[in-house]
2 protein chains.
Amino acid sequence: MAKKPLILVTNDDGITAPGIRKLIEVMNTIGEVVVVAPDSPQSGMGHAITIDSMLTCDKIKVEEGEQTEYKCSGTPADCVKIAIREVLDRKPDICVSGINHGSNSSINVIYSGTMSAAIEAGIEGIPAIGFSLLDYSWNANFDVLKEEIKKITLNVLENGLPEGVVLNVNFPKSEGAFAGIKVCRQAKGNWIEDFDKRVNPIGKEYYWLSGRYELMDKGEDTDEWALAHNYISVVPTQFDLTAHHFIQKLNNWEL
Amino acid sequence: MAKKPLILVTNDDGITAPGIRKLIEVMNTIGEVVVVAPDSPQSGMGHAITIDSMLTCDKIKVEEGEQTEYKCSGTPADCVKIAIREVLDRKPDICVSGINHGSNSSINVIYSGTMSAAIEAGIEGIPAIGFSLLDYSWNANFDVLKEEIKKITLNVLENGLPEGVVLNVNFPKSEGAFAGIKVCRQAKGNWIEDFDKRVNPIGKEYYWLSGRYELMDKGEDTDEWALAHNYISVVPTQFDLTAHHFIQKLNNWEL
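Residues numbered from 1 in each chain as written. Chains lettered and ligands numbered in written order. Predicted model: local features only at pLDDT ≥ 70, side-chain atom pairs only at ≥ 80, totals over all residues.

Some thoughts on the overall build of chain A
Alright, step 1. Per the secondary structure count, chain A includes seven helices and 13 strands.
Alright, step 2. In terms of overall dimensions, chain A is globule-like: its C-alpha atoms have a radius of gyration of 19 Å, near the 18 Å expected for 255 residues.
Alright, step 3. Its C-alpha atoms give chain A principal-axis dimensions of about 55 × 55 × 45 Å.
Alright, step 4. When the 255 residues of chain A are sorted by exposure, 53% land in the buried category.
Alright, step 5. Pairs at least 24 apart in sequence give 77% of the contacts found in chain A among residues at least 6 apart. (Helix = DSSP H or I, 4+ residues; strand = E, 2+ residues; numbered from the N terminus. Rg over C-alpha atoms; globule rule 2.2 N^0.38 Å. Buried ≥ 20, exposed ≤ 12 C-beta atoms within 10 Å, placed from the backbone. Contact = placed C-beta atoms within 7 Å.)

Following this line, the structure appears as C-alpha cells:
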C-alpha cells in the first residue's frame, strides 16, 4: 500500500478501556487512525442501534498519540454508522474493533458489541476485524497481543476480505506463548443461565443474569478447541444469516 | 400432537403492542400460551442482553384470554432466557415472536429484537418463528395475517425445525390478498444513513439516526423480491455465523 491506510477503531467496552487503547497504539504504527467509540461500556449490546433517542458524537483526546478520537453516546453499531456518515471524509480501508475484555468465541459472537461493530463495517463493504482476549480483567496483559494483531491486520489490508465476511479473532489468556493462529469455525455452545433472584428492600423480586458456558461440540476445528489449546482463533464470520441448506426441504412443506 | 403444545410468545415492541396481542389471540387457538415480553418498546435492540443491571419479571394480565402473561424489564433475548429458566416449568414446544410492527427482511434481521428472541429460543433448541408485518403503524391490520400465522405455526409444530435454524417470516402490507408463501434467502441490502444533525438550546450538536434502505440484490429468490410481489417471505435463519466458504482460502494466508 503506497498511501497510509485509513483505520477506523472502535469497541464496546468504551473509549477509555485499556483494550482499545492498546489497539490504537498498534494501529498508529500502521496507518492514519480515527477512533469513534462509545463513551460508556456497551458489553452485551449485540447489534443494537439507537432509534428512540438522540446521539452525541464529540471530539476528545483520551491519550497522547497521532490518532483522532471521538466519543459517541451510542452503541458500537451506532459508532460505526456515525463514523462513516458524519466523521470520516472517505471510506476507511479497514475497521478494527476491540480489544474486547472477554471472549467472543462460539455463541458469544451473537451477543457481542465488539463483533457488531465489525459486522456493521462489513455491511458497509469495509474489511473488518473484531479482536477479543479471554480475560475479563481490566488490567489484562494486552501487550503480548500487539505483534499478532499487527500481523493479522496487515494480512487483511493486503489480501482484503470477500464481500459479506469479517474476521472474529480471539486470543487465549496467555503470556504470549501462543501455539499459533488457527482458522476455525464457530463452536456450538450455549449459556446455561442461572438467574440470581433477589428481593429489594420493599419486598419486590428482581434478577441478575448470570450463568456458565457449555460447549456442545467435540470438533477440533472450532474456536473453542483452538483457544483451549492456546491457539489464537480466527473465524470468518458472515451476516447473511440464511440457512441455505434448509431451503430445499422447506420448499416441500405444505405452506 | 396429542397434548396441547406449550407456546412461548414474545416480541420487541412491548407487551401491550397490537402485534403481540394478535399473535396471542392466534396462539390461544393452538395451545397453552405463556407470554414473557418486554414492558417497553425494544426495537433495534439486536441481540442485546442485560448484564450491567437487574431485571424484573412480573405476572400481569394485559387482556382477557387463556394466556398467562409476564412483563419483563429486559430485552427480547432476556425475555426468552428468563422465560426458559425462571417462568416455565418445562421446555416450550415452540416460541413465536412478534408480530413486529415493521420489516425484518434483508439486513434488518441483524438489528431485529423480534428475531433475536426467536434466535435465542433456537439456541435453546426450541423451534422458533419471528413474524413481522411491513407496516410501522400502531394500528396496522393484523387480522388478515391470522390464518397464515396459524398455518405456518402448525407446520413448524408438525415438522419441527433442524438444529440451528429458526424462521424469519415477513408479511407484505396488504389487505390479505397475498400471492402466497415463498421460501427465500435474505436479500443483500443496506441502510444508507442520513443523520439528522441538530443543535440543542445550549448550542451543543446532537444527531438523530435516520436513513433509507437500499436493495443491492436483483435475485428473484430473495425476501425483498417476494415482499415486493405481495408474497409472504419465509427465510430459514441460522446463528452459526461461520463463513464456511472462506475457510479454505483463509488457511492459505501467511498468518
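From this point, things continue past the structure.
Let's talk about the interface of chain B and chain A
Alright, step 1. Each partner contributes to the interface: chain B provides 62 residues, whereas chain A provides 62 residues.
Alright, step 2. Here the residues of the side of chain B that touches chain A are counted per class, giving 36 nonpolar, 16 polar and 10 charged. (Nonpolar A, V, L, I, M, F, W, Y, C, P; charged D, E, K, R; others polar.)

Digging into the relation of the copies chain B and chain A
Alright, step 1. Overlay of chain B on chain A (RMSD 0.0 Å): rotation 180 degrees, translation along the axis 0.0 Å. Classification of the inter-copy transformation places it as that of a two-fold axis.
Alright, step 2. When the interface residues of chain B are mapped onto chain A, 100% of them are again interface residues, pointing to one common binding face. (Least-squares fit on C-alpha atoms with pLDDT ≥ 70 in both.)

Considerations on the sheet that holds strand β3 (residues 57–60) of chain B
Residues and elements named next belong to chain B.
Alright, step 1. Ordered by their spatial adjacency, nine strands build an open sheet running β3-β4-β2-β1-β5-β6-β7-β13-β8, and the pairing between neighbours is mixed. Looking at the sheet topology across the chains shown, the edges are occupied by β3 and β8 (180–183). Averaged over all adjacent pairs, the angle separating strand axes in this sheet is 25 degrees, with direction ignored.
Alright, step 2. Relative to strand β13 (residues 231–238), β8 is paired through four bridges, and the arrangement is parallel. The residue bridging I181 from the neighbouring strand is I232, located in β13.
Alright, step 3. Contacting β1 (6–10), β2 (32–38), β3, β4 (68–72) and β5 (94–101), helix α2 (residues 76–87) crosses the sheet at an angle of about 135 degrees to β2. (Pairing = 2+ DSSP bridges. Axes fitted to C-alpha atoms, helices over the stretch in contact; angles between N-to-C directions.)

Details of the pairing of strand β6 (residues 128–133) of chain B
Residues and elements named next belong to chain B.
Alright, step 1. In terms of burial, β6 is largely enclosed, as six of its six residues are buried.
Alright, step 2. Note that β5 and β6 share five bridges and pair parallel. Following the sheet pairing, V96 is matched in β6 by I129.
Alright, step 3. Across five bridges, the pairing between β6 and strand β7 (residues 165–171) is parallel. Opposite I129, over in β7, you have L167 as the bridge partner.
Alright, step 4. Handedness of the crossover is the feature at issue here: the chain leaves β6, passes through helix α5 (residues 146–159), returns alongside β7, and the resulting connection is left-handed. (Right-handed = clockwise from strand over helix to strand, strands pointing away.)

Description of unusual backbone geometry
Excluding glycine, residues mostly carry a negative phi; peptide bonds, for their part, are mostly trans.
Residues and elements named next belong to chain A.
Alright, step 1. For the bond running from G98 to I99, omega is -15 degrees, close enough to zero to count as cis.
Alright, step 2. With respect to the element layout, I99 can be found in strand β5 (residues 94–101).
Alright, step 3. Notably, S106 is not glycine yet its phi reads approximately 50 degrees, a positive angle.
Alright, step 4. Topologically, S106 is positioned in the loop between β5 and α3 (108–111).
Alright, step 5. The buried category is assigned to S106, around which 28 C-beta atoms lie within 10 Å.

Some thoughts on the sheet that holds strand β3 (residues 57–60) of chain A
Residue and element names in this part refer to chain A.
Alright, step 1. The mixed open sheet is built from nine strands, whose spatial order is β3-β4-β2-β1-β5-β6-β7-β13-β8. Whereas interior strands pair on both sides, the edge strands pair on one side only; in this sheet they are β3 and β8 (180–183). Across the sheet, the mean angle from the axis of one strand to that of its neighbour is 25 degrees, orientation sign disregarded.
Alright, step 2. Sheet topology places strand β7 (residues 165–171) next to strand β13 (residues 231–238); six bridges connect them, and they run antiparallel. Looking at the pairing, N170 lines up with S233 of β13.
Alright, step 3. Packing of helix α2 (residues 76–87) onto the sheet brings it into contact with β1 (6–10), β2 (32–38), β3, β4 (68–72) and β5, and relative to β2 it is tilted by some 135 degrees.
Alright, step 4. Across the sheet, helix α4 (residues 113–123) is in contact with β1, β5, β6 (128–133), β7 and β13; its angle to β6 comes to roughly 170 degrees.

Quick word on the nonpolar core
Alright, step 1. Core analysis: the biggest nonpolar cluster contains 146 residues, and V9, L23 and V36 of chain A together with V9, L23 and V36 of chain B have the highest contact counts within it.
Alright, step 2. In contact with L23 of chain A, not counting residues within four places along its chain, are V9, V96, G98, I99, F131 and I149 of chain A. (Core = buried A, V, L, I, M, F, W, Y, C linked by C-beta atoms within 7 Å.)

Notes on the packing of α2 of chain B against helix α4 (residues 113–123) of chain B
Residues and elements named next belong to chain B.
Alright, step 1. Contact geometry for α2 and α4: axes closest at 7 Å, N-to-C directions at 30 degrees. The orientation of α2 with respect to α4, classified from their angle, is roughly parallel. For the crossing formed where α2 meets α4, the hand is right-handed. Within the contact between the two elements, α2 uses P76, A77, C79, V80 and K81 and α4 uses G113, T114, S116, A117, E120 and A121. (Parallel < 35°, antiparallel > 145°, perpendicular 65-115°, else oblique. Left-handed = near helix turned anticlockwise from the far one by under 90°.)

Considerations on the packing of helix α1 (residues 18–28) of chain A against helix α5 (residues 146–159) of chain A
Working note: a packed helix pair is described by the angle between its axes plus the distance between those axes.
All names here are of chain A.
Alright, step 1. Two elements in contact, α1 and α5, have axes whose closest approach is 10 Å; the angle formed by their N-to-C orientations is 55 degrees. Here α1 lies oblique to α5, going by the angle between them. Read as a crossing pair, α1 and α5 show a hand that is right-handed. For the pair formed by α1 and α5, the contact residues are K22, L23 and V26 on the first element and K146, I149 and K150 on the second.
Alright, step 2. Of the residues contributing to the contact of α1 with α5, the split by class is three nonpolar, no polar and three charged.

A closer look at the pairing of β13 of chain B
Side-chain direction in a regular strand flips from residue to residue, so the side chains alternate between the two faces of the sheet.
Alright, step 1. Taken across its eight residues, β13 of chain B has eight buried, putting it largely inside the fold.
Alright, step 2. Of the two faces of β13 of chain B, both are covered, the one formed by Y231, S233, V235 and T237 of chain B as well as the one formed by I232, V234, P236 and Q238 of chain B.

Some words on the environment of A77 of chain B
Alright, step 1. For A77 of chain B, the location among the structural elements is in helix α2.
Alright, step 2. Beyond its immediate stretch of four places on either side in the chain, A77 of chain B contacts H47, A48, I49, S116, A117 and E120 of chain B.

Considering α4 of chain B
Because an α-helix completes one turn every 3.6 residues, residues spaced three or four positions apart along the sequence face the same direction.
All names here are of chain B.
Alright, step 1. Counting buried residues along α4, 11 of its 11 residues qualify, which places the element largely inside the surrounding structure.
Alright, step 2. Those residues of α4 not exposed but buried are G113, T114, M115, S116, A117, A118, I119, E120, A121, G122 and I123.
Alright, step 3. In the segment just after α4, G125 is the residue with positive phi, at about 80 degrees.

Taken by themselves, the reported measurements are silent on function.
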